[in-house]
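# Descriptive analysis of the structure
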Amino acid sequence: MMNFVGKKVRDDVVSDLGVTLIPAGSMLDEELIGMLGNHRVDLYNLELLNPAPNPVINFVDQAVLRSKELFESIGLTGKVPVEDVKGEVIPLVLQVSQHSNLFQLFESVKAVDEYTYQHNIGVGILSTLIGRWMELPDEELEILSLAGTLHDVGKVYIPADILNKPDKLTSEEYEQVKLHAEFGYDLLCRVPYLDPRIPLAALQHHERNDGRGYPLGVKEHEIELFSKIIAVADIFHAMSSRRSYHEPRAFYQIVEQMRDGIFGLLDPVIVTLFLDKILEKLIGEMVLLTDGRIGEVISLNPHQPLAPLVKAGEEFIDLSRRTDIHIKSIFIPD
């Protein structure tokens, strides 16, 4: 059965008595759909607007396809074709990271299937985005993009049945997965004239400021800046994507858990910058609430930015007062 939530009507929807129920261009939510049902409007007879194609998704797909081919070659040859990655993948990563709509960008990089390859590109793009927000120069951004895209290269030596296991890993399997950081470092250290921050990012992207990360348990001052940036991008992408053992987490859960350090102690300056930039972009966005309604973010609460004022239909909902309702996701129409 077709899901009409989030679809836009092409024309005015008029009742049998000639009264305009909703104007052309309106986005359907559960309240409007219920109202149309009360007026016995057949939703399947409505003319709906077709969304414009999103070229960003095409660029991401191209990058994922090419990176998959290159990563598969690494598994066979033991050599990282850095020049091919730089020439064919990184230009796409850099281009997508400049997309004007932040939440469309996030949606385009979410992994749905073939997580490993989509994750490589997603982390490359998100790392580059953070680097732009940190006002890194272009030369540094290109190095960061390459480091982010190659951060998990060591997974070519981890058995696919472990990487794609639908159930919780055993302690032995988890220890085997953790080896990807050292495998990636070793692979990238063999590449002549490669910026040393790139193999370091592969080694350190699971390290944490409090020393509780892996593989070496180094602390804040010992972790390179690019590694810290990639760690933030890595967690955000992993939690917002569908994986073999979990569905994407709700938007409010991801933000709360990253802010509270649930995934380990990340660099607080980078996390704060990343989350603040996301939250300030919420104003004017359509969001799906945990009670199933779709609404528009009207204003942010400076003390609780994750609990803004939302207009759903004719109702204004102050999420700072309604602790039973949260933002499940940013609504990107099909």
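For every chain, the first residue of the written sequence is number 1, and numbering continues from 1 onward in sequence order. In keeping with the predicted nature of the model, local features appear solely for residues at pLDDT of at least 70, side-chain atom pairs appear and are counted solely at 80 or more, and the whole-chain, interface and lining totals rest on all residues. Side-chain measures were taken over the full set of non-hydrogen atoms in the model, leaving aside hydrogen atoms and water.

### Quick word on the packing of helix 6 (residues 138–149) against helix 10 (residues 197–204)
Contact geometry of helix 6 with helix 10 gives a least axis separation of 9 Å together with a crossing angle of 40°. By the angle between their axes, helix 6 is oblique relative to helix 10. Between helix 6 and helix 10 the crossing geometry is right-handed. When helix 6 is examined against helix 10, the residues Glu140, Ile143, Leu146 and Ala147 are found in contact with a partner set consisting of Arg197, Ile198 and Ala201. The residue makeup of the contact of helix 6 with helix 10, split by class, is five nonpolar, no polar and two charged. Where helices are involved, their axes are fitted lines through C-alpha atoms of the stretch in contact, as for all axes, and angles between N-to-C directions lie from 0 to 180°. Here a helix means four or more residues in a row that DSSP labels H or I, a strand means two or more in a row labelled E, and each is numbered from the N terminus. Note that the term roughly parallel is reserved for angles under 35 degrees, roughly antiparallel for angles over 145, roughly perpendicular for angles of 65 to 115, and oblique for everything else. Crossing handedness: left-handed means the near helix sits turned counterclockwise from the far one by under a right angle, and right-handed means the same turn made clockwise. By the convention used here, residues are in contact when the closest approach between their heavy atoms is within 4.5 Å. Amino acids are sorted into nonpolar (Ala, Val, Leu, Ile, Met, Phe, Trp, Tyr, Cys and Pro), charged (Asp, Glu, Lys and Arg) and polar (every other residue, Gly among them).

### Thoughts on the packing of aromatic side chains
Stacked, tilted and edge-to-face are the three classes applied to pairs of Phe, Tyr and Trp rings, where Trp contributes its six-membered ring and a pair requires centres within 6.5 Å; stacked means planes under 30 degrees apart, edge-to-face means over 60, and tilted covers the rest. Under the definition given, this model contains seven aromatic pairs. Ring centres of Phe103 and Phe106 lie 5.9 Å apart, and the angle between their planes is 80°; this geometry places the pair in the edge-to-face category. Here the residue Phe103 and the residue Phe106 both occupy positions in helix 4 (residues 102–109), the gap between them amounting to three residues, near one helical turn. Relative accessibility under 20% of the residue-type maximum defines a buried residue, over 50% an exposed one, and the middle range a partly exposed one, all with a 1.4 Å probe and only protein chains included. Taking the relative accessible area as the measure of exposure, Phe106 reaches 6% and is therefore buried. A network of ring pairs unites the aromatic residues Phe103, Phe106, Trp133, Phe236 and Phe274 as a single cluster.

### A short note on the nonpolar core
Only buried residues count toward a nonpolar core, which is a set of Ala, Val, Leu, Ile, Met, Phe, Trp, Tyr and Cys residues joined through side-chain atoms within 4.5 Å. By size, the foremost hydrophobic cluster in this structure holds 81 residues, and its most contacted members are Val80, Phe106, Leu150, Phe251, Met258, Phe274 and Leu282. Among the elements that take part in this core, helix 11 (residues 225–240) stands out by supplying ten residues, more than any other.

### A word on the side chain of Asp234
Inspection of the secondary structure puts Asp234 in helix 11. It is Arg208 that comes nearest to the buried, bridge-free Asp234 among opposite-charge side chains, at 5.3 Å. In this tally, Asp and Glu contribute negative charge and Lys and Arg positive charge; neither His nor the terminal groups of the chain are included. Salt bridge criterion: a side-chain nitrogen from Lys or Arg within 4 Å of a carboxyl oxygen from Asp or Glu.

### Some points on helix 10
Counting buried positions over the eight residues of helix 10 gives seven, a clear majority of the element. Those residues of helix 10 lying buried are Arg197, Ile198, Pro199, Ala201, Ala202, Leu203 and Gln204. For helix 10, the secondary structure elements touched by its buried residues are helix 6, helix 9 (180–189) and helix 11.

### Some words on the sheet that holds strand 6 (residues 315–318)
Strand order across the open sheet formed by five strands is 6-5-4-3-7, with antiparallel pairing between neighbours. Of all the strands in the sheet, the pair left with one neighbour each is strand 6 and strand 7 (327–330). Looking at each pair of strands side by side, their axes are set apart by 40° on average, direction ignored. Looking at chain direction, strand 5 (residues 304–312) and strand 6 are connected through four bridges and run antiparallel. The partner of Val310 across the bridge, within strand 6, is Ile317. A pair of strands is considered paired only if DSSP assigns at least 2 bridges between the two.

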